[in-house]
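Read off the chains here:
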Amino acid sequence: MPVADGLLVVDKPAGWTSHDVVGRARRLCGTRRVGHAGTLDPMATGVLVLGVNKATRLLTFLVGCDKTYTATIRLGQSTITDDAEGEVTASTPADGVTAGALRGAVLALTGDIDQVPSAVSAIKVKGERSYARVRAGEDVALPARPVTVHRFDVLATRRAEADGVPVLDVDVEVEVSSGTYVRALARDLGTALGVGGHLTALRRTRVGSFTLEQAHTLEQLEAAAERDEVPLLPIADAARGGFTPRELSESEARAVGYGQRITSAPAGRREPVAAFAPDGTLVAMLDESGLKARALVVFAPSGS
């Protein structure tokens, strides 16, 4: 039986693409209207936020949220994909990397930086995904883009050997802005230390306000669907928990529902605002950057 509108927070397993998870959710939820708020590579695990039915219209705003990851970076080897799924292109012994050098390189990659995305990213180049061009044998050079690494913490280090070369495995936790590639951080950390680097493990632990504590495995979702109890987070609850809320009066809610502008309260907010009718219904997502707030997307019908 089709489910209602809402968000589904999934703990994506390794080996699944984000599209695979969406396909499974469509079957479990009985609807084609399912999308995700930000791709996870097949190797990666963790928080994948899905929108179901009308809640797919919230995903645009969630894509821009900050994210947190735990990861393992292997220093001493570079790969064509900047992660463990690609072939090794260069090996340099990492036994000379000191704790002080590692700290300095991590610090240099913290804050506002210009990052060149991995060539095998999903960024489109002349209408085609960059990774598709790389797999077809093209040399792809993507331009740098500004991103913010709010936090880059080293949790542990381990000396090891890979293919006869001394390597250093570094467990990290990073909190980053939307558009930041953790694979690229691994690559750039290795480059800064002169030994190369790539990602061997990645787990997303947070997307905006949604964390692993709220996430369900596919096995749990299968079991819930058999009981007709798919654990959807209602759209109003999702918006209230994920964005700054604004309580509208009846007249304001009616105006927004008709697509009219209302006074911003206050003006100058940079992030979208979730606007609610007096009965708690999510009316719209608002842009309050100017003196007059305008609806970015309307959820409630006009006059409701």
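Computed from a predicted structure; not experimentally measured.

1. Describing the overall build of the protein chain
- A tally of helices and strands in the protein chain yields eight helices and 19 strands.
- Overall, the protein chain is about 70 × 50 × 40 Å in size when its C-alpha atoms are taken along their principal axes.
- Total accessible area on the protein chain is roughly 14200 Å²; 50% of this is exposed by carbon and sulfur atoms.
- The distance from the centre of the 34 positive side-chain charges to the centre of the 37 negative ones in the protein chain is 6 Å.

2. Digging into the pattern of salt bridges
- Considering all chains together, one arrives at 18 salt bridges under this definition.
- In this structure, Asp153 engages Arg151 in a salt bridge whose closest nitrogen and oxygen atoms are separated by 2.8 Å.
- When its relative accessible area of 30% is taken as the criterion, Asp153 is described as partly exposed.
- Residue class for Arg151 comes out partly exposed when judged on its relative accessible area of 26%.
- One salt bridge in this structure joins Asp171 and Arg158, with 2.5 Å as the shortest N-O distance.

Basis of the calculations
- Residues numbered from 1 in each chain as written.
- Predicted model: local features only at pLDDT ≥ 70, side-chain atom pairs only at ≥ 80, totals over all residues.
- Heavy atoms only, no water.
- Helix = DSSP H or I, 4+ residues; strand = E, 2+ residues; numbered from the N terminus.
- Areas by Shrake-Rupley, 256 points an atom, 1.4 Å probe, with all protein chains shown as cover.
- Lys, Arg positive; Asp, Glu negative; His and termini not counted.
- Charge placed at Lys NZ, Arg CZ, Asp CG, Glu CD.
- Salt bridge = Lys/Arg side-chain N within 4 Å of Asp/Glu carboxyl O.
- Buried < 20%, exposed > 50% of the residue type's maximum accessible area, 1.4 Å probe, protein only.

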